[in-house]
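Residue strings, one per chain:
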Amino acid sequence: MPNDTMKKIVSLAKRRGFIFQSSEIYGGLKACYDYGPLGVELKRNIKDAWWRDMVHRREDVVGLDCSIIMHPDVWKASGHLAGFSDPLVDCKNCKERFRADHAPRKDAGTETEYRENGKQDGKKLKGVVGKQGYVCPVCGGGDLSDERQFNLMFRTSLGSVDPMQEIAGAVEELAKLDAKGRRERLGEIIAKSAVYLRPETAQGMFVNFKNILDSSRMKPPFGIAQTGKSYRNEITTANLTFRTCEFEQMELEFFVEPGTDDEWYAYWRNARLEWYKKLGIREKNLRLRDHEQSELAHYAKACADVEYFFPFENESGEGEWGELEGIANRTDYDLKKHAEATGKDLSYFETETKKRYIPYVIEPAAGADRATLAFLCDAYDEEAIPDQKGEDAVRTVLRFHPRIAPIKAAVFPLVKKDGLPEKSREIMAALLDQGVNCFYDQSGAIGRRYRRMDEAGTPFCITVDAETNEQNTVTVRERDSMQQTRIGVNEVVEYIKEKVK
RNA sequence: GCGGGUGUAGCUCAGUGGCUAGAGCAUCACGUUGCCAACGUGAGGGUCGGCAGUUCGAAUCUGCUCACCCGCUCCA
């Protein structure tokens, strides 16, 4: 029952410290979430795996970490400042909210017929199309609100003087202006200090393209990678951390010679799908979906999404495909725009061939929070196992790939006497010393301790028992099979390190 | 933003004809046991989402509000 599954995952996430709602004791904040002790490890492991595979294991990619607040002109050049401001209109009849540029056109002054409240059996109403020249796309009504700007970027102000102060001082002047003039004047005042939280990390890579060429001796084909937070005022937020206003991205901008872009696009499109598989996401829950021409963003030549089948609650009751990552061919759009805006030369000169060109960009852009959620959902499993009395019982287990598991190993003394706790602590210390995140537990029955670790997704449990004192060996219990292997105490660190590599 | 649903302990949920708020699990302590969610005893933990109103009295009725879920819309 996938409907149930998401509920159980949310419950487990809260109970075990993966994901909490932001500011929960204040009643929560819309679409903001915090990662608890286990969640932060999981997310970090995913980001680290991405960084290692995309940057450290390649010669052709370098990293970058740029500021979230950038020069406001960056967003003018990239098209975000204009493109993010879609005029929205509310229908006063059926309460629909829609984009003005998507509404059906009708000549101003002509008559329009529609149903009351937009209901099929509603009373027939007649109206006149207003001077805006369009009607409601749902009910066809002409009784519409003014167009409202809805900026998808988070605006804030840079500088120690609050722009509110200047606005307060301009109140009388503003009162004399009409609505349009007032908006323009207010815009002028705010624009003096207005800056934006980035809606994507990508522009940081484009803006630093020349710096990196000049400082790193990289030449196309090469990439710049970055992870970090981005912010967008989403109209609708939903499904836990799947769509939030503040989110973390893992982006690569890969610069290539024009003409080679198609093959590099194909390369990354495939490579990125394989990455999720390699880290343990089941193949049946993954797919690549190519965008239709009409779906493509204004800058993109081609785009494909890596999608995961989330167990979200919905009408079908089965779950829903959701985007984890988009791989786009952004062409030379961004570098060209920034070159135009700044007058700087952002082309690349190839000395051997004496060719000069503005590189094309292939962009695999992944959501770190979405990936974390997908790994969590995919790891979730319930196993029917009879308990000691032979009655039906359920074992809840998170089957994380050891590389991303929050806790790599747990160390238990079978009993808390006969020097077993002391021996366990020694093994713990050796593991911690090697940077293996592990957990010590001596409370309650051993079976309970195993099951607790199953729920946290810990792949290995090391138990110190009577034989440890006699033969200097411990048991290693494997999470998925629940099989135990006996190994020497001095092999433990290497054994675990090898398994979680 | 609209429509529908939900909100009681860390989790899952009872509760009501309006009076001192409950269970199971979880957590902690002690004891016992010792390899797969054991047993006993005890303990801690609740602004009944928030604010206001009606009332002698509100978790319960009314209004507003916040958050989450579903649908529509949106997703450069």
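What comes next concerns the included structure. (Residues numbered from 1 in each chain as written. Chains lettered and ligands numbered in written order. Predicted model: local features only at pLDDT ≥ 70, side-chain atom pairs only at ≥ 80, totals over all residues. Heavy atoms only, no water.)

**Some words on the pairing of strand β23 (residues 460-464)**
Most of β23 sits inside the fold, with five of its five residues counted as buried. For strand β21 (residues 409-413) and β23, the ladder comprises five bridges, and the chain directions are parallel. Within the sheet, the bridge partner assigned to F412 lies in β23 and is T463. Where β23 lies against strand β24 (residues 473-478), four bridges are found, and the strand directions are antiparallel. For F460, the partnering residue across the bridge sits in β24 and is E478. (Buried < 20%, exposed > 50% of the residue type's maximum accessible area, 1.4 Å probe, protein only. Helix = DSSP H or I, 4+ residues; strand = E, 2+ residues; numbered from the N terminus. Pairing = 2+ DSSP bridges.)

**So, the packing of aromatic side chains**
Tallying each qualifying case throughout the model produces 21 aromatic pairs. Where F242 meets F312, the ring centres are 5.5 Å apart and the plane angle is 70°; that geometry is what we call edge-to-face. Taken together, the positions of F242 in the loop between β11 (222-231) and β12 (246-256) and F312 in the loop between β14 (302-310) and β15 (320-331) put the pair 70 residues apart, joining distant regions of the chain. What makes F312 buried here is its relative accessible area of 2%. Through successive ring pairs, a cluster of aromatic residues spans F206, F209, F222 and F255. In this arrangement the basic side chain of R370 is found over the ring face of F242, its NZ or CZ atom lying 3.9 Å from the centre. Its guanidinium or amino end placed over the ring of F412, R449 lies 5.4 Å from that ring's centre, counting from NZ or CZ. (Phe/Tyr/Trp six-rings, centres within 6.5 Å; stacked < 30°, edge-to-face > 60°. Lys NZ or Arg CZ within 6 Å of the ring centre and 35° of its normal.)

**A few points about the nonpolar core**
Judged by nonpolar contacts, the single largest core of 56 residues is most densely connected at F18, Y276, F310, F375, L376 and F400. Only α1 (2-16), α2 (37-56), β12, α10 (261-278), β14, β15, β18 (360-367) and α12 (368-379) provide two or more residues apiece to this core. Ranked by size, the runner-up nonpolar core spans 20 residues in total, among them A409, F460, V476 and V492. (Core = buried A, V, L, I, M, F, W, Y, C linked by side-chain atoms within 4.5 Å.)

**Examining the sheet that holds β18**
Here seven strands make up an open sheet; going across it, the order is β3-β11-β12-β18-β15-β14-β13 and the pairing mixed. Of all strands in the sheet, those with a lone pairing partner are β3 (61-63) and β13 (286-290), marking the two edges. Neighbour to neighbour, the strand axes of the sheet diverge by 25° on average, direction disregarded. Across nine bridges, the pairing between β14 and β15 is antiparallel. The residue bridging D305 from the neighbouring strand is G326, located in β15. (Axes fitted to C-alpha atoms, helices over the stretch in contact; angles between N-to-C directions.)

**Here's the deal with the protein's contact with RNA strand B**
Close contacts around RNA strand B come from 53 residues, with K14, R232, R243, R448 and R452 the closest. What you see for RNA strand B is that sugar and phosphate hold 59% of its atoms within 4 Å of the protein. A distance of 2.3 Å is found between a phosphate oxygen of RNA strand B and a side-chain nitrogen or oxygen belonging to K14. The side chain of Q484 places a nitrogen or oxygen atom 2.7 Å from a base oxygen of RNA strand B. Within the residue set of the surface near RNA strand B, elements represented by two or more residues are α1, β5 (97-99), α14 (446-456) and β24. For the surface near RNA strand B, the element with the highest residue contribution is α14, accounting for eight residues. Taken together, the residues of the surface near RNA strand B sort by class into 17 nonpolar, 15 polar and 21 charged. (Near = heavy atom within 4 Å. Polar contact = N/O pair within 3.5 Å; in protein donor to acceptor, adjacent residues only side chain to side chain. Nonpolar A, V, L, I, M, F, W, Y, C, P; charged D, E, K, R; others polar.)

**Details of the sheet that holds strand β22 (residues 438-440)**
What the five strands build is an open sheet, ordered β22-β21-β23-β24-β25; its pairing is mixed. Whereas interior strands pair on both sides, the edge strands pair on one side only; in this sheet they are β22 and β25 (484-488). The average undirected angle you get between the axes of adjacent strands in this sheet is 25°. Examined bridge by bridge, β21 and β22 share three bridges and lie parallel to one another. Its bridge partner being in β22, V411 is matched across the sheet by Y440. Each of β21, β23, β24 and β25 touches helix α16 (residues 492-500); the most contacted strand, β23, lies at about 170° to it. (Contact = heavy atoms within 4.5 Å.)

That is the geometry; function is a separate question.
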